[in-house]
Amino acid sequence: MNKARRFSILLASVVLVLATVLAGCSSNSGKTTNNPATGQTEGNKPSNNSGNGEQASAGDKWEFGSEPLEFSMYGHYSWYDVPAWDSTVAGRWLKENKQINIKPISAGGNHEQKLSTMIASNDLPDVMWMDRGAEVERLREMGMLVPFDDYLDKYPNLKKWMGKDLNMLRAEDGKLYQFPNWYTGRPNGNAGYVINKKIYEELGSPKLETTEDLYKYLVAVKEKYGSSVTPFEPHLAKDHQGLGVLYTAFGENVLYSYLNAALRSVPKDGQLTSLFTDDTFREAQKYISKLYRERLISQDAFTQTVDQVEEKVMQGRVAVFASASPTVIAMNAHQEMVKKNPDSGYFMIWPIHKEGLNKDKIYPGTYTSLGWNVSVITTAAKDPEKIFAFLDWYTGPEGQSLLFFGPEGKNWKGFDADGYPNFTEEYDAQEVLQLQKDQDPIMWNGNTGYIDPAKMKYESTLSADKQNWAARYQSEITWKTQANATEFVNMDPAPDSDLGIIKQRIDDIFEQAYAQSVMAKSDDEVIKVLDKAEKDAQAAGYSQLLEFRTEAWKKNKALLEGN
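Residues numbered from 1 in each chain as written. Predicted model: local features only at pLDDT ≥ 70, side-chain atom pairs only at ≥ 80, totals over all residues. Heavy atoms only, no water.

Draft legend 1. Expanded view of the overall build of the chain. Scanning the chain from N- to C-terminus turns up 19 helices and 19 strands. Sorting the 563 residues of the chain into buried and exposed places 57% on the buried side. Just so you have it, the chain exposes about 22,700 Å², and 47% of that area is on carbon and sulfur atoms. (Helix = DSSP H or I, 4+ residues; strand = E, 2+ residues; numbered from the N terminus. Buried < 20%, exposed > 50% of the residue type's maximum accessible area, 1.4 Å probe, protein only. Areas by Shrake-Rupley, 256 points an atom, 1.4 Å probe, with all protein chains shown as cover.)

What follows is the structure, given as structure tokens:
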């Protein structure tokens, strides 16, 4: 998920990514001293229960807001720092009404060095907001994280909203150390195709359903507008965005995730198999290569920046825009374009499919129940249970409504029978939109399964032309056409292991072959590129990586099935 996404994840990217679309915080009241013999910490070593001997017994529940709570928080990203707590409406309201203060710890633009320094100096923040995976596991193995298991029943929002999929976040020791962000039990996501309305209508509003329809349309765009308009604009082609969306058009139930570094394979008959030899992938690459060599795709697709893509979309110089999360860019462009010409703007279409395939089994994007990243509480925290109580409140109806719609009273008041906000007659859509943008940096444990229906409760009362652009197409198209890829998470080997080194080699081979196959001068050359990539990958240990990931995949499926 592109980290620059922030608000795109919020509106669904966003992703998460969006997540994409987020951040974390803490306080150093409990210093830690590493015990090299055990990998645990002296003085603050977590117990088998709450992780802090000062906590109340299991039968006691701390009420968030009943007394002051302060902790430090750190976001483990080079592009992000936890903002000042007083800098947002929600932060100020929480400080005044719930007695909570969060002290930011900056990464200083070098998050890897910052984390290493904090570990070496035994000066951890109370909470860290970071990606799932190797770094979290390293901290756990060093005994620096507090398990949440004893808190889940006392503070039930996370357990209620995530359900049994929460088990997918458990560590090897069976305990839960991670509080997820943008987790969900319902489909979400933004991947798909955005169409320039003015260009489409000037070309006669032709049928745009199949890959052949799309090809004919792109040819017509080029013939009419020449170099002034890009027929097909893929968002971040170097990350397979846009072009990866096209790949899914060539097979029913084919997932965008198969291209990602976390998978790089295709499931067949209970095994993960080579992506390079997959018939669907090869057919898609030949089609994409044809578009590229006929100059129907941006010729600088692999080198242009996000800003350059956004500029073209904003200026209406793109006929078709495809991405894993095109909604925020397209929405902003649509709003600006219709101000000048009400008949212009953008709209989304149902995903393109190869002729003969079932259009309802085409999934241009994926989501996982785990969402994007996580918050972890370290053993430096003086009050880990109270911090968890805050995070659990924050991810529940009250916290999410505060973040998305502002403090109770103006835009909403109370909750309906289903637990969603009751919106008032004073609801100010522009104010809400600005609040969401401003507060995006403190949305550390977003609850997609709650907030998406809450947003749509309001949007559904409006006519289509008055609905939020992104929310409208999420409801009509994208949420219906994203596939659940939760079974394919947590399948990477340790980066410094033999398999981790093999993975990096396979990634390098894939990235080179992907770009070369797109820019190939013929279908035969596409196949030659992929044949060579397969040979090189096997020589680099691809089969061992596939075997490892197959076993991880089977374990995931067993967890999801409750076994």
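Draft legend 2. Broad picture of the layout of surface pockets. A volume near 360 Å³ is recorded for the second largest pocket. Along the walls of the second largest pocket sit 19 residues, with A429, L433, E459, Q467 and N468 positioned nearest its centre. Mapped by element, the contributors of at least two residues to the lining of the second largest pocket are α14 (429-439), α15 (448-459) and α16 (469-476). Take the lining of the second largest pocket: its biggest share by element is 5 residues, from α14. The residue inventory of the lining of the second largest pocket, partitioned by class, reads 10 nonpolar, 6 polar and 3 charged. (1 Å grid on protein atoms, 1.4 Å probe; cavity = no way out; pocket = protein on both sides within 12 Å on 5 of 7 lines; lining within 4 Å. Points joined across faces, edges and corners; volume = space filled by probe spheres on them. Nonpolar A, V, L, I, M, F, W, Y, C, P; charged D, E, K, R; others polar.)

Draft legend 3. Highlighting the packing of helix α7 (residues 211-225) against helix α9 (residues 279-293). The N-to-C vectors of α7 and α9 enclose an angle of 10°; their axes lie 11 Å apart at closest approach. Relative to α9, the element α7 lies roughly parallel. Mapping the contact onto sequence places T211, L214, Y215 and L218 in α7 and Y287, K290 and L291 in α9. Taken together, the residues of the contact of α7 with α9 break down into 5 nonpolar, 1 polar and 1 charged. (Axes fitted to C-alpha atoms, helices over the stretch in contact; angles between N-to-C directions. Parallel < 35°, antiparallel > 145°, perpendicular 65-115°, else oblique. Contact = heavy atoms within 4.5 Å.)

Draft legend 4. Representation of the sheet that holds strand β13 (residues 318-323) within the structure. With respect to topology, 4 strands assemble into an open sheet ordered β10-β13-β9-β14, the strand pairing being mixed. Strands with a single pairing partner mark the edges of an open sheet, and in this sheet they are β10 (230-234) and β14 (346-349). Looking at each pair of strands side by side, their axes are set apart by 25° on average, direction ignored. Across 4 bridges, the pairing between strand β9 (residues 192-196) and β14 is antiparallel. Bridging across to β14, N196 finds its partner in Y346. Lying on the sheet, α7 is in contact with β9, β10 and β13; it crosses β10 at an angle near 125°. Sheet strands in contact with helix α10 (residues 306-314) are β10, β13 and β14, and its direction is about 135° off that of β13. (Pairing = 2+ DSSP bridges.)

Draft legend 5. View of the environment of P125. Checked against the element boundaries, P125 lands in the loop between α3 (111-120) and β7 (127-130). Exposure remark for P125: the relative accessible area of 1% places this residue in the buried category. The spacing of P125 and F71 is 54 residues in sequence and 8.1 Å in space, taken between C-alpha atoms.

Draft legend 6. Examining the pairing of β7 more closely. Burial of the side chains of β7 extends over both faces: V127 and W129 are buried on one face and M128 and M130 on the other. Pairing analysis gives 3 bridges linking strand β5 (residues 69-75) to β7, with the strands arranged parallel. Residue G75 lies in a different strand from β7, and its bridge partner there is W129. Note: β7 against strand β16 (residues 374-377), 4 bridges, orientation antiparallel. If you follow M128 over to β16, its bridge partner there is V376.

Draft legend 7. Seen up close, the side chain of T280. Mapped onto the fold, T280 is located in helix α9. Ignoring any residue separated from it by four or fewer positions in sequence, one finds T280 in contact with Y247, F250, G251 and V254.

Draft legend 8. Inspection of the sheet that holds strand β6 (residues 100-105) at higher detail. Strands sit in the order β6-β5-β7-β16-β8 across an open sheet of 5 strands; the sheet is mixed. Both outer strands of the open sheet, β6 and β8 (179-180), are each paired with one neighbouring strand and no more.

Draft legend 9. Broad picture of the environment of L69. Looking at where L69 falls in the secondary structure, it is placed in strand β5. Once the C-alpha coordinates of L69 and I102 are considered, the two residues, 33 residues apart in sequence, prove to be 8.4 Å apart.

Draft legend 10. Focus on the packing of aromatic side chains. For the structure shown, the criterion picks out 41 aromatic pairs. Here the aromatic residues W62, F64, F71, W85, F390, W393, Y394 and W444 are joined through ring pairs into a cluster of three or more. The ring centre of W350 lies 4.9 Å from the NZ or CZ of K359, which sits over that ring. (Phe/Tyr/Trp six-rings, centres within 6.5 Å; stacked < 30°, edge-to-face > 60°. Lys NZ or Arg CZ within 6 Å of the ring centre and 35° of its normal.)

Draft legend 11. Representation of helix α18 (residues 523-539) in the model. Along its 17 residues, α18 runs 25 Å from first to last C-alpha, staying within 8% of the 24 Å computed at 1.5 Å per residue. Along its buried surface, α18 packs onto β12 (271-274), α9, α17 (498-518) and α19 (542-560). G541 occupies a position one or two residues after α18 and carries a positive phi of about 105°. (Expected span 1.5 Å × (residues − 1).)

Draft legend 12. Quick look at the pattern of salt bridges. Counted by the stated rule, this structure contains 29 salt bridges. With its nearest N and O atoms 3.2 Å apart, the salt bridge here joins K197 to E201. Residue K197 and its partner E201 are located together in helix α6 (residues 197-202), separated by 4 residues, close to a single helical turn. Residue K197 is classed as partly exposed on the basis of its relative accessible area, which comes to 23%. What makes E201 partly exposed here is its relative accessible area of 41%. What you see here is one network of salt bridges that share partners, running through R264, K503, D507 and E511. (Salt bridge = Lys/Arg side-chain N within 4 Å of Asp/Glu carboxyl O.)

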